[in-house]
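Structural features, examined
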Amino acid sequence: MTATTTRTGAPEPSPGAPGTSDSPGRRLLRAGFGLVGPRHARHSASVEQLGALALPIGDDGVVIGVDGEGRPAVLGLNRPTPYDVVLIGGLWTAQVLALRAAATGARVAVETGRPQAWAQMVHAMGGGQNGLAVYEVGRVPPQGASAGTPVLVVRDCGMRPPRGRVASGPWQAVLTLLPYLSPVAPRLLRQARLVGVQRISPDESAELGRALALPRADVDALPTLADGFTLWCADRDRQYVMTQPTDAEIGLLGTPRRMD
């Protein structure tokens, strides 16, 4: 009877030796595939006990404020599919969203005709080397977005923003800021996945209500919204959100305001 030698030098009975078994599991163990771990009793729960189980699972994204019941409202900007957002509102809210997106690890590229309005943010974040960069209108280069480095492009280009060179794509969301309901708004609203609306005039509210099929209660409410409040609309879902700034955000951007 012959015998083989393992890497430790201990003799190993050859297949077919008395008292041995050459089962598939034993052959896998000899080849080094995963050792058998400790044995534990199975854990089980009755149907009556399932109601007591709770999992700490929540939305993933940027906290944009609180809803009407005081719960965090989260906007998932980092997506594997193109995502366009239109905000009809103030610069303050757009800057808070950009600041918080950068805090979650996204790179923020701002396309703007008023770079001086973003200069303080750029300076506070390390001169554009730490997640936020500002470009002239039409000069935003390709961002190279990926799952590991998602990108938010903020288009702060006034009432009539031109068609952007950098569009939304996988892991690259685009937020277009409109100070008011402009002539280009219908086109932007049609392609947007999410629309945020802050305080606007009664005429604008009526026009927007027709474009988004808003209930009469929302049409009446929009001209009366306080600073910091936004109505977010996605398909048939609507939610009022109050953006509450942190002390650091107040020190950098000031208190919530609709007008710039």
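Preceding this section is the structure that the text describes.
First, a word on scope: everything that follows refers to the structure included in this document. Here the structure is a predicted model, which is why all the values come from computation and not from measurement.

1. Focus: the pattern of salt bridges
- In the structure shown here, the tally under the stated rule is 9 salt bridges.
- Of the charged contacts in the structure, one is a salt bridge between Arg155 and Glu111, with a shortest N-O distance of 2.8 Å. Note that Arg155 is positioned in strand E8 (residues 151-156) and Glu111 in strand E6 (residues 107-112), a separation of 44 residues in sequence.
- Using a relative accessible area of 6% as the deciding quantity, one classes Arg155 as buried.

2. Some details on the layout of surface pockets
- When its volume is computed, the largest pocket comes out at roughly 450 Å³.
- If you trace the largest pocket, you find 19 residues lining it, with Val74, Leu75, Leu194, Ala234 and Gln239 closest to the centre.
- Every element with two or more residues in the lining of the largest pocket is listed here: strand E4 (72-75), strand E11 (229-234) and strand E12 (237-242).
- If you tally residues by element for the lining of the largest pocket, the top one is E4, at 4 residues.
- Taken together, the residues that form the lining of the largest pocket break down as 10 nonpolar, 2 polar and 7 charged.

3. Quick word on unusual backbone geometry
- Despite not being glycine, Trp171 has its phi angle at roughly 65°, a positive value.
- Positionally, Trp171 belongs in the loop between E8 and strand E9 (172-178).
- For Ala213, which is not glycine, the phi torsion reads 55° and is therefore positive.
- Mapped onto the secondary structure, Ala213 falls in the loop between helix H5 (202-212) and helix H6 (216-221).
- Classification of Ala213 by relative accessible area gives partly exposed; the value is 42%.

Reading the values: the criteria
- Residues numbered from 1 in each chain as written.
- Predicted model: local features only at pLDDT ≥ 70, side-chain atom pairs only at ≥ 80, totals over all residues.
- Heavy atoms only, no water.
- Salt bridge = Lys/Arg side-chain N within 4 Å of Asp/Glu carboxyl O.
- Helix = DSSP H or I, 4+ residues; strand = E, 2+ residues; numbered from the N terminus.
- Buried < 20%, exposed > 50% of the residue type's maximum accessible area, 1.4 Å probe, protein only.
- 1 Å grid on protein atoms, 1.4 Å probe; cavity = no way out; pocket = protein on both sides within 12 Å on 5 of 7 lines; lining within 4 Å.
- Points joined across faces, edges and corners; volume = space filled by probe spheres on them.
- Nonpolar A, V, L, I, M, F, W, Y, C, P; charged D, E, K, R; others polar.

These results come straight from atomic positions and should not be treated as a statement about function.
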